Amino acid sequence: MDPVAVPVIRLPHADTLPLPTPATAHAAGVDLMAAIGGPQTLAAGAFEAIPTGLAIALPEGYEAQVRPRSGLAARHGVTVLNSPGTIDADYRGEIKVILINHGHASVTIEPGQRIAQLVVAPVARLSWQPVDSLPETARGAGGLGSTGV
Ligand SMILES: O=c1ccn([C@H]2C[C@H](O)[C@@H](COP(=O)(O)OP(=O)(O)OP(=O)(O)O)O2)c(=O)[nH]1
Ligand SMILES: [Mg+2]
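Looking at an unreviewed UniProt entry, one finds the protein chain named Deoxyuridine 5'-triphosphate nucleotidohydrolase, with Roseospirillum parvum as its source organism. Its UniProt record gives the protein chain a comment under Catalytic activity (unreviewed entry), which states: "dUTP + H2O = dUMP + diphosphate + H(+)". Checking UniProt for the protein chain, the heading Function (unreviewed entry) contains the comment "This enzyme is involved in nucleotide metabolism: it produces dUMP, the immediate precursor of thymidine nucleotides and it decreases the intracellular concentration of dUTP so that uracil cannot be incorporated into DNA."

Right, here's the structure in full:
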């Protein structure tokens, strides 16, 4: 599959940070770095929108998802509050990562630290088709644990 070309700008406050690249050959995401001027401490229970210094122009028909890094979650209880965050194809602002510290201790984020990962995915456009009834299925309206534990 050909790579999806994505115009990207490193904003002035992050011009010393490299562009995010996959950590391994087949990594699904690229790690987003904290574009902050100094260490930033997240108290237990606190959340903060952390700048990444990146602005992008996704092609039409794509979105980008801001997902947690499992290492930060497993070690410190730090995750992405609105996970997965959604970056729209028409968004031109700075990508921000809303981190939350679910742990019991405060956690300090360092400048340039990898805080989340960005995964680009295709999105379907929808066209509503109003109808009077929906096609039947074996599941029907069963949900929310209807198949048992
Ligand atoms: O984790 C995130 C989520 C969103 N955004 C930016 C890009 C996205 O395109 C825009 C809007 O996001 P969303 O639609 O999730 O938020 P909203 O509360 O509905 O804001 P809006 O009214 O601007 O759509 O905010 C981020 O930088 N980081
Ligand atoms: Mg929105």
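Trainee: Give a detailed account of unusual backbone geometry, specifying residues and quantitative values.
Mentor: The peptide bond linking serine 83 to proline 84 adopts the cis configuration, its omega dihedral lying at -10°. Secondary-structure assignment places proline 84 in the loop between β7 (78–80) and β8 (85–87). At leucine 144, a residue that is not glycine, the phi angle is positive and equals roughly 50°. Checked against the element boundaries, leucine 144 lands in the segment after β11 (114–122). The exposure class of leucine 144 is exposed, given its relative accessible area of 96%.

Trainee: Explain the site of ligand 1 residue by residue, including any values.
Mentor: Around ligand 1, the surrounding shell consists of Asn82, Gly85, Thr86, Ile87, Asp88, Tyr91, Glu94, Ile95 and Lys96. Here asparagine 82 contributes a side-chain N or O atom positioned 3.1 Å from an oxygen atom of ligand 1. Compared with its free state, where it exposes 560 Å², ligand 1 has 50% of that area covered by protein. Per element, the largest residue contribution to the shell around ligand 1 is three residues, and it comes from β8. Here the residues of the shell around ligand 1 are counted per class, giving three nonpolar, three polar and three charged.

Trainee: Residues and numbers for the nonpolar core, please.
Mentor: Core analysis: the biggest nonpolar cluster contains 24 residues, and Leu32, Val66, Val97, Leu99 and Leu118 have the highest contact counts within it. Listed by contribution, the elements that provide at least two residues to this core are β2 (30–33), β5 (54–56), β6 (62–68), β7, β9 (96–101), β10 (107–109) and β11. Leave out the neighbours within four places in its chain, and valine 66 touches Leu32, Val80, Ser83, Pro84, Gly85, Ile87, Ile95, Val97, Ala116, Gln117 and Leu118.

Trainee: How would you explain the side chain of arginine 10 if you had to name every residue and give the values?
Mentor: Structurally, the position occupied by arginine 10 is in strand β1 (residues 8–10). Despite its burial, arginine 10 pairs with no opposite charge, the nearest such side chain being glutamate 94 at 6.9 Å. At 3.1 Å, the side chain of arginine 10 forms a polar contact with the backbone oxygen of leucine 17. Those residues in contact with arginine 10, other than ones at most four positions away along the chain, are Leu17, Pro18, Leu19, Pro20, Met33, Thr52, Gly53 and Leu54.

Trainee: Lay out the UniProt feature "binding site: substrate" (unreviewed entry) in the protein chain in plain terms, naming residues and giving numbers.
Mentor: UniProt's entry tags Arg69, Ser70, Gly71, Asn82, Thr86, Ile87 and Asp88 with the feature "binding site: substrate" (unreviewed entry), counted in the numbering of this structure. These annotated residues cover 20 residues of sequence, and their C-alpha atoms reach 26.2 Å apart at the extreme, placing them across more than a single site. Locating serine 70 in the fold gives a position in helix α1 (residues 70–76). Topologically, isoleucine 87 is positioned in strand β8. Excluding residues within four positions of it along the chain, isoleucine 87 makes contact with Ile56, Leu58, Glu63, Ala64, Val66, Ile95 and Leu118.

Each value, and the rule that gives it
For every chain, the first residue of the written sequence is number 1, and numbering continues from 1 along that sequence. Starting at A for chains and at 1 for ligands, labels are handed out in the order in which the entities are written. Note on the predicted model: pLDDT of at least 70 is required for a residue's local features to be given, and 80 or more for side-chain atom pairs to be given and counted; whole-chain, interface and lining totals, by contrast, use all residues. Note that water and hydrogens are dropped before the side-chain values are worked out from all heavy atoms of the structure. UniProt positions are given in the numbering used here, feature names are shortened, and annotations may be inferred rather than shown by experiment. What counts as a helix is a DSSP run of H or I of at least four residues, what counts as a strand is a run of E of at least two, and both are numbered from the N terminus. Using a 1.4 Å probe on the protein chains alone, a residue whose accessible area is under 20% of its type maximum counts as buried, one over 50% counts as exposed, and one in between counts as partly exposed. Proximity criterion: a residue is near a molecule or strand once any of its heavy atoms comes within 4 Å of it. Here a polar contact is taken to be a pair of N or O atoms separated by no more than 3.5 Å, where protein atoms must pair a possible hydrogen donor with a possible acceptor and residues adjacent in sequence count only if both atoms sit in side chains. Accessible surface area values rest on a Shrake-Rupley calculation with a 1.4 Å probe, where residue burial reflects the displayed protein chains alone. In the scheme used here, Gly and all other residues not listed as nonpolar or charged are polar, with Ala, Val, Leu, Ile, Met, Phe, Trp, Tyr, Cys and Pro taken as nonpolar and Asp, Glu, Lys and Arg as charged. What makes a nonpolar core is a set of buried Ala, Val, Leu, Ile, Met, Phe, Trp, Tyr and Cys residues whose side-chain atoms join them at distances within 4.5 Å. We call two residues contacting when some pair of their heavy atoms lies within 4.5 Å. We count Lys and Arg on the positive side and Asp and Glu on the negative side, and we leave His and both chain ends out. Between Lys or Arg on one side and Asp or Glu on the other, a salt bridge is scored when a side-chain nitrogen of the former is within 4 Å of a carboxyl oxygen of the latter.

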